[in-house]
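Listed here are the chains, written in short residue letters.
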Amino acid sequence: MGSLALTDLCASVITDEGELEILKGVSLTIESGTTHAVMGPNGSGKSTLAYVIAGHPKYRVTSGSITLDGVDVLGMSVDARARAGLFLAMQYPVEVPGVSVSNFLRTSVTAVRGEAPKLRTWVKEMKDAMGALQMDPSFAERNVNEGFSGGEKKRHEILQLSLLNPKFAILDETDSGLDVDALRTVSEGVNAFREQSDAGVLLITHYTRILQYIKPDLVHVFIDGRIVKSGGADLASALESEGYEQFAPASA
Amino acid sequence: MTIAPPVDLSPRLTSLDPDVFDIPTGREVEWRFAPLDSFGVFFQPINDAGFVTAIESSQYVRNIAMADLRSSWLPSDRPLAVARSLAQNAVVVEVPKDCTVAAPIVVQLKGSAARSYQHIEVNIGAFSNAVIVLEHDLELDICGAMVVNVADGAKLTMLSVLQGDKKSTHIAGWHTTTGRDSTFIGCAVTIGGGAVRISPSVTYSAPGGNAELLGLFLADGDQYFEHRIFVEHEQPNCTSRVTYKGALSGSGSHTVWVGDVLVRRGAVGTDTYEMNRNLLLNDGPRADSVPNLELETGDIVGAGHASATGRFDDEQLFYLQSRGISEMQARQLVVRGFFAEVLGRLNQVDLRDSMMAIISRRLGLPAAEATDV
Ligand SMILES: Nc1ncnc2c1ncn2[C@@H]1O[C@H](COP(=O)(O)OP(=O)(O)OP(=O)(O)O)[C@@H](O)[C@H]1O
Ligand SMILES: [Mg+2]
């Protein structure tokens, strides 16, 4: 059984004014086949956590470690992490003008699988995956995320999740910007991925509504750059009714 | 972006006599960006200058003595007038009327001395259709004109390619006249050379002409590339599309794009749009972009311009890399995507692919396997 383990992770964001510490000691182990939800208020550092795991150059890890199946991740380049089996569905996916979705997906699948998929089976695979997420086939010819609505961008992220089939997936606010129908479709995509693979999932959100569709095994409350409480699915309901105030750090 | 000076509405000064034009000092609007220490060598007659010839002649391509050339073109600046008066050879590319030439006519050009004058004259007969690729000599400093006549109902797709690692000086006037209902697609591919100045211009001799001026340039190191476009709409119901894209890297590279479009009073029904985009691959290079559009009539179909210069986006790079794509391949995807729009407009799949391969090579990237750009 594999695991993605964060130990005492501290990281800062590099800005023009200098460095600002955001993650203040995060420890978390996700076993394969389990889903963890991380919930926290705006600005608590959830996306920072996701970016640091993926290796975004804007952030610097000051101490602690990340390992994937026991192997150090922090020494790997961004693309090597993806090839090792990490995937980040971004809160704000980036537009890449001039690069078509089909070219992008094929290049990325080729890189992650280590060989180019056979053209004929690939076209069908891509069409089926798009169909499952109720994406129109015409998206294949459009430029990556260019002019996509918020909901279309999120579907496109989950499309990549299903094609790249990672060992561990971090979903950063995949629920935000989705209406009820889209939320159900996207959740079904995530659940299909969880069922077919033995992957671990880190689900970042600040609302509980996605948790009605994607059931977490564990819920972590994330405040001011650290996990302040962990519990079962019922912890999410408590958060829903009582809010984050109860966890506000007495003296930060 | 640089603030545009107004387009000079008076007719452009043209003459065969070099002395009609003052020697540029660098203070003139047309010469204010240019490194005159490079271009200046062509401001005065060069006695021991050579001349440019086509390496191979063919059914369509001939070298002839300049004295035997019939051309109505008049130079519009001093170096072009000097070159016109001293060039000894003209390369003539001629396609007779009612003739569709299936394969591209590739013309490899070569200069005979360290500094050479060129004159290239292209005549496409009525209702003919051809593709011409000019491969310029970058071993030497070259100055001269490419003069193109596209007769009624004809269609010409023409590429002018400057490629190679030589740091030579290159000045080219590229003047096209389109006939009734004819189409000219001209693409300047500027990748090599130290100091390059290309002036593509278009005039319409009859209604219904279409001109698509395309360009892509990749400047690195301390290369200087200037593209100075002039489209003059005088006839009714003509169109022009200008699409130039440049990518810049290195510490001291500098590109200049000037797009002057003039719609004269009689040019009713004109449809024109010009666009320049530049991509800075790192800090250091400078891109000047100066679109100018002057309308003497409002009775037109459309007129517009756009210009933007942006940095290579690190977030795009991160996004692609986070999907397992290596940094090198990610950069390739982004830059190829940037140029794909220009090359797509050629409507020539083979040419698009070979130009893309040249670009990839120049970027130090492996020639990509055929992908659906
Ligand atoms: N590039 C940056 N420059 C300055 N501050 C930054 C930068 N990136 C993040 N921060 C700061 O770090 C903190 C954490 O940001 P982060 O995006 O990780 O929060 P979040 O929990 O994901 O919030 P949200 O719920 O709004 O998505 C915020 O205070 C934010 O302003
Ligand atoms: Mg966030």
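Our subject is the structure listed above.
Residues numbered from 1 in each chain as written. Chains lettered and ligands numbered in written order. Predicted model: local features only at pLDDT ≥ 70, side-chain atom pairs only at ≥ 80, totals over all residues. Heavy atoms only, no water.

Novice: Describe the overall build of chain A, listing the residues and the values that go with them.
Specialist: Each helix and strand in chain A was counted, giving seven helices and twelve strands. For 252 residues, the compact-globule estimate of 2.2 N^0.38 gives 18 Å, and the C-alpha radius of gyration of chain A, at 18 Å, lies within 12% of that figure. Counting only C-alpha atoms and orienting by the principal axes, one finds that chain A spans roughly 60 × 40 × 40 Å. Excluding contacts between residues fewer than 6 apart, the proportion of contacts in chain A whose partners are at least 24 apart in sequence is 71%. With an accessible surface of roughly 10,900 Å², chain A has 50% of that area assigned to carbon and sulfur atoms. Separation between the mean location of the 23 positive side-chain charges and that of the 32 negative ones in chain A comes to 5 Å. (Helix = DSSP H or I, 4+ residues; strand = E, 2+ residues; numbered from the N terminus. Rg over C-alpha atoms; globule rule 2.2 N^0.38 Å. Contact = heavy atoms within 4.5 Å. Areas by Shrake-Rupley, 256 points an atom, 1.4 Å probe, with all protein chains shown as cover. Lys, Arg positive; Asp, Glu negative; His and termini not counted. Charge placed at Lys NZ, Arg CZ, Asp CG, Glu CD.)

Novice: Break down the coordination of the magnesium ion (ligand 2) for me, with residues and values.
Specialist: Residues and elements named next belong to chain A. Each protein donor to the magnesium ion (ligand 2) is listed here as Ser47 (OG) and Gln91 (OE1); together their distances run 2.0 to 2.2 Å. Taken together, the residues span a long stretch of sequence, with serine 47 in helix α1 (residues 46-54) and glutamine 91 in the loop between β6 (86-89) and β7 (96-100) at a distance of 44 residues. With respect to class, serine 47 is no different from glutamine 91; both count as buried. (Donors = N, O, S within 2.8 Å, 3.2 Å for Na, K, Ca; no water. Buried < 20%, exposed > 50% of the residue type's maximum accessible area, 1.4 Å probe, protein only.)

Novice: I'd like a description of the environment of asparagine 129 of chain B, backed by residues and values.
Specialist: All names here are of chain B. Looking at where asparagine 129 falls in the secondary structure, it is placed in strand β6 (residues 129-135). With relative accessibility at 31%, the residue asparagine 129 sits in the partly exposed group. Setting aside anything within four residues of it in sequence, one finds asparagine 129 in contact with Cys99, Thr100, Val101 and Lys155.

Novice: Report on the pattern of salt bridges, specifying residues and quantitative values.
Specialist: A complete count under the given rule lists 30 salt bridges over all chains for this structure. With its nearest N and O atoms 3.0 Å apart, the salt bridge here joins lysine 24 of chain A to aspartate 224 of chain A. Placement of the pair is lysine 24 of chain A in strand β2 (residues 18-31) and aspartate 224 of chain A in the loop between β11 (218-223) and β12 (226-231), with a sequence separation of 200 residues. When the shortest N-O distance is used, the salt bridge between arginine 78 of chain B and aspartate 19 of chain B registers 3.3 Å. Taken together, the residues span a long stretch of sequence, with arginine 78 of chain B in helix α2 (residues 78-86) and aspartate 19 of chain B in the segment before α1 (36-39) at a distance of 59 residues. Exposure remark for arginine 78 of chain B: the relative accessible area of 6% places this residue in the buried category. (Salt bridge = Lys/Arg side-chain N within 4 Å of Asp/Glu carboxyl O.)

Novice: So what's going on with the site of ligand 1? Which residues, and what values?
Specialist: Residues and elements named next belong to chain A. Inspection of the region around ligand 1 gives 16 residues, with Asn42, Gly43, Lys46, Ser47 and Thr48 positioned closest. A distance of 2.9 Å is found between an oxygen atom of ligand 1 and a side-chain nitrogen or oxygen belonging to asparagine 42. The contact in question runs from an oxygen atom of ligand 1 to an N or O atom on the backbone of glycine 43, over 2.9 Å. Protein burial of ligand 1: of its 640 Å² of free accessible surface, 67% is covered by the chains. Broken down by secondary-structure element, the contributors of at least two residues to the shell around ligand 1 are β1 (3-15) and α1. For the shell around ligand 1, the element with the most residues is α1, which contributes three residues. (Near = heavy atom within 4 Å. Polar contact = N/O pair within 3.5 Å; in protein donor to acceptor, adjacent residues only side chain to side chain.)

Novice: Describe in detail the sheet that holds strand β5 (residues 71-72) of chain A, supporting the description with residues and values.
Specialist: Strand order in this open sheet of four strands is β2-β1-β4-β5 (chain A), and the pairing throughout is antiparallel. In the strand order of this sheet, the two ends are held by β2 and β5 of chain A, each with one partner. (Pairing = 2+ DSSP bridges.)

Novice: With reference to specific residues and values, describe the pairing of β11 of chain A.
Specialist: Residue and element names in this part refer to chain A. Taking burial as the measure, the six residues of β11 include five buried ones, the bulk of the element. Alignment of β11 against β12, held across five bridges, turns out to be antiparallel. What sits directly across from valine 221, in β12, is lysine 229. Where β11 hands over to β12, the hairpin turn is made up of two residues, of which aspartate 224 adopts a positive phi near 45 degrees.

Novice: Please set out the packing of helix α4 (residues 119-132) of chain A against helix α5 (residues 150-164) of chain A residue by residue, giving values where relevant.
Specialist: All names here are of chain A. Packing of α4 against α5 leaves a shortest axis separation of 10 Å and a crossing angle of 135 degrees. Our classification of the angle between α4 and α5 gives oblique. Every pair of crossing elements has a handedness; the one defined by α4 and α5 is right-handed. Two secondary-structure elements touch here, α4 through Trp122, Glu125, Ala129 and Met130 and α5 through Leu159, Ser162 and Leu163. Of the residues assigned to the contact of α4 with α5, the class counts are five nonpolar, one polar and one charged. (Axes fitted to C-alpha atoms, helices over the stretch in contact; angles between N-to-C directions. Parallel < 35°, antiparallel > 145°, perpendicular 65-115°, else oblique. Left-handed = near helix turned anticlockwise from the far one by under 90°. Nonpolar A, V, L, I, M, F, W, Y, C, P; charged D, E, K, R; others polar.)

Novice: Describe the interface of chain B and chain A, with residues and values.
Specialist: Listed per partner, the contact involves 18 residues of chain B and 35 residues of chain A. When the two sides are added together, the surface that chain B and chain A hide from each other amounts to roughly 2,100 Å², 63% of it contributed by carbon and sulfur. If you sort the residues of chain B by the area they bury against chain A, Phe318, Tyr319 and Arg323 of chain B come out on top, with a joint share of 38%. At the boundary of chain B and chain A, one finds one salt bridge. Between glutamate 157 of chain A and arginine 323 of chain B there is a salt bridge; the shortest N-O distance is 2.7 Å. At the boundary of chain B and chain A, one finds eleven residue pairs in polar contact (both at pLDDT 80 or more). Elements that contribute at least two residues to the side of chain B that touches chain A include exactly α3 (314-321) and α4 (327-344) of chain B. Considering each element in turn, the side of chain B that touches chain A owes the most residues, six residues, to α3 of chain B. Looking at side-chain class alone, the side of chain B that touches chain A contains six nonpolar, eight polar and four charged residues. (Buried area = accessible area lost by both parts, 1.4 Å probe.)

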